[in-house]
Amino acid sequence: LFGVRDLVNEKQMVGEKAAEFVKDGMIVGLGTGSTVFYTIQKLGQLVNEGLSIKAVPTSIQTERLARELGITLVDFTEIEGFDLAIDGADEVDENLNLIKGGGGALLREKIIAYAAKEFIVIADSSKLVKSLGTFPLPVEVVPFGMELTERHLKELGGVPRLRTIDGAPFKTDNGNFIFDCDFGFIENAGELEKAINMIPGVVENGLFVGMADKVITLDKQGKVVIRG
Ligand code: A5P
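Quick caveat, the model's predicted, so the values are computed rather than measured.

A. Representation of the overall build of the protein chain in the model. For the protein chain, the helix and strand inventory stands at 6 helices and 15 strands. Across its three principal directions, the C-alpha atoms of the protein chain cover 55 × 45 × 35 Å. Per-residue burial for the protein chain yields a buried fraction of 49% across its 228 residues. Partitioning the intrachain contacts of the protein chain with sequence separation of at least 6 by distance along the chain shows that 74% fall at a separation of at least 24. If the 24 positive side-chain charges of the protein chain are averaged to one point and the 34 negative ones to another, these points end up 2 Å apart.

B. The arrangement of the sheet that holds strand S4 (residues 91-92) in detail. Read from one edge to the other, the open sheet built from 3 strands follows the order S4-S5-S13, with strand pairing classed as antiparallel. Strands with a single pairing partner mark the edges of an open sheet, and in this sheet they are S4 and strand S13 (207-208). Relative to S13, strand S5 (residues 98-99) is paired through 2 bridges, and the arrangement is antiparallel. Bridged to Leu 98 within S13 is Phe 208.

C. Quick look at the site of the ligand. Contacts to the ligand come from 18 residues, most closely from Ser 34, Thr 35, Asp 90, Gly 101 and Glu 109. Side-chain polar atom of Asp 87 to an oxygen atom of the ligand: 3.3 Å apart, as the coordinates give it. At 2.7 Å from an oxygen atom of the ligand is found a side-chain nitrogen or oxygen belonging to Lys 100. Within the complex, 91% of the 380 Å² of free accessible area of the ligand lies under protein.

D. Highlighting the pattern of salt bridges. The final tally for this structure, using the stated rule, is 12 salt bridges. The residue Arg 163 makes a salt bridge to Asp 180 at a minimum N-O spacing of 2.8 Å. Here Arg 163 is found in the loop between strand S8 (159-162) and strand S9 (164-165), whereas its partner Asp 180 is found in strand S11 (residues 177-182), with 17 residues between them in sequence. Its relative accessible area of 12% is what places Arg 163 among the buried residues. Here the salt bridges share partners, and the residues they tie into one network are Lys 11, Asp 124 and Lys 127.

E. Structural detail: the pairing of strand S14 (residues 214-218). Across the 5 residues that make up S14, a large majority, 5, are buried. Bridge count for strand S6 (residues 116-122) against S14 is 3 bridges, and the pairing is parallel. By the bridge assignment for S14, Val 121 is matched with Val 215. Here S14 runs beside strand S15 (residues 224-227); their pairing, made up of 4 bridges, is antiparallel. Bridge pairing in S15 links Leu 218 to Val 224. Linking two consecutive strands that pair antiparallel, namely S14 and S15, is a turn of 5 residues; a positive phi of about 85° is found at Gly 222 within it.

F. Highlighting helix H5 (residues 146-155). Residues Met 146, Thr 149 and Leu 153 constitute the buried set of H5. Here the buried residues of H5 occupy an arc of 55° about the axis, which is enough to place them on one side. Of the exposed residues in H5, those oriented more than 90 degrees away from the buried face are Glu 147 and Glu 155. Looking at the buried side of H5, the elements it contacts are strand S7 (137-141), S8, S11, helix H6 (189-197) and strand S12 (202-205). Count one or two residues on from H5 and you reach Gly 157, which has phi positive near 105°.

So, how was this worked out
- Residues numbered from 1 in each chain as written.
- Predicted model: local features only at pLDDT ≥ 70, side-chain atom pairs only at ≥ 80, totals over all residues.
- Heavy atoms only, no water.
- Helix = DSSP H or I, 4+ residues; strand = E, 2+ residues; numbered from the N terminus.
- Buried < 20%, exposed > 50% of the residue type's maximum accessible area, 1.4 Å probe, protein only.
- Contact = heavy atoms within 4.5 Å.
- Lys, Arg positive; Asp, Glu negative; His and termini not counted.
- Charge placed at Lys NZ, Arg CZ, Asp CG, Glu CD.
- Pairing = 2+ DSSP bridges.
- Near = heavy atom within 4 Å.
- Polar contact = N/O pair within 3.5 Å; in protein donor to acceptor, adjacent residues only side chain to side chain.
- Areas by Shrake-Rupley, 256 points an atom, 1.4 Å probe, with all protein chains shown as cover.
- Salt bridge = Lys/Arg side-chain N within 4 Å of Asp/Glu carboxyl O.
- Arc of directions from axis to C-beta.

This is the structure we're talking about:
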């Protein structure tokens, strides 16, 4: 359907478009992943040319990249919130609800998106879906009692799989684990988001419901469009 080359190109197009929304003096939340990579690179270039922003990264990976590019990073004691947060997504539905967390950074991403006046999502065309749920929903859980947490996720109708890397459990930047959960097509994302978060042991899940203000993506002709 989509060539890998085309998707890379799409990621760059939407990623760089998002950088246009960043204005001088803004406090910006920087997302994680291969799409926002292009936004961060562009911001690095703009900062080099004189743009002045303060940023907070949503992952260790993004922190490294931003530092390399000379973007000023601040911590939470220095700010009260964000003018803007920009991030990718794993799925985006027609109501601009999202599944995120494919890269494992969902908790920090959600904390920052929640605190942002505006949350802009960037997505290549492979991310656009009618209903959420083909991409397994990432759920971050604390290690203590994770077998019980897994059971409760099953009781909600999910099929959880512990995320692993090189044969060992994948650890998030927060020292937690991730269950990638197949819930089939998700009919009521808002309800599921809340129900999952009611399970003790769950830290957060990758459903972002009603959070995205804008989604920057491409139309069928490959032109950048802004929804929302
Ligand atoms: C990271 O945990 C995710 O939420 C990412 O935002 C998401 O996986 C998008 O990543 P890509 O831009 O690499 O597809």
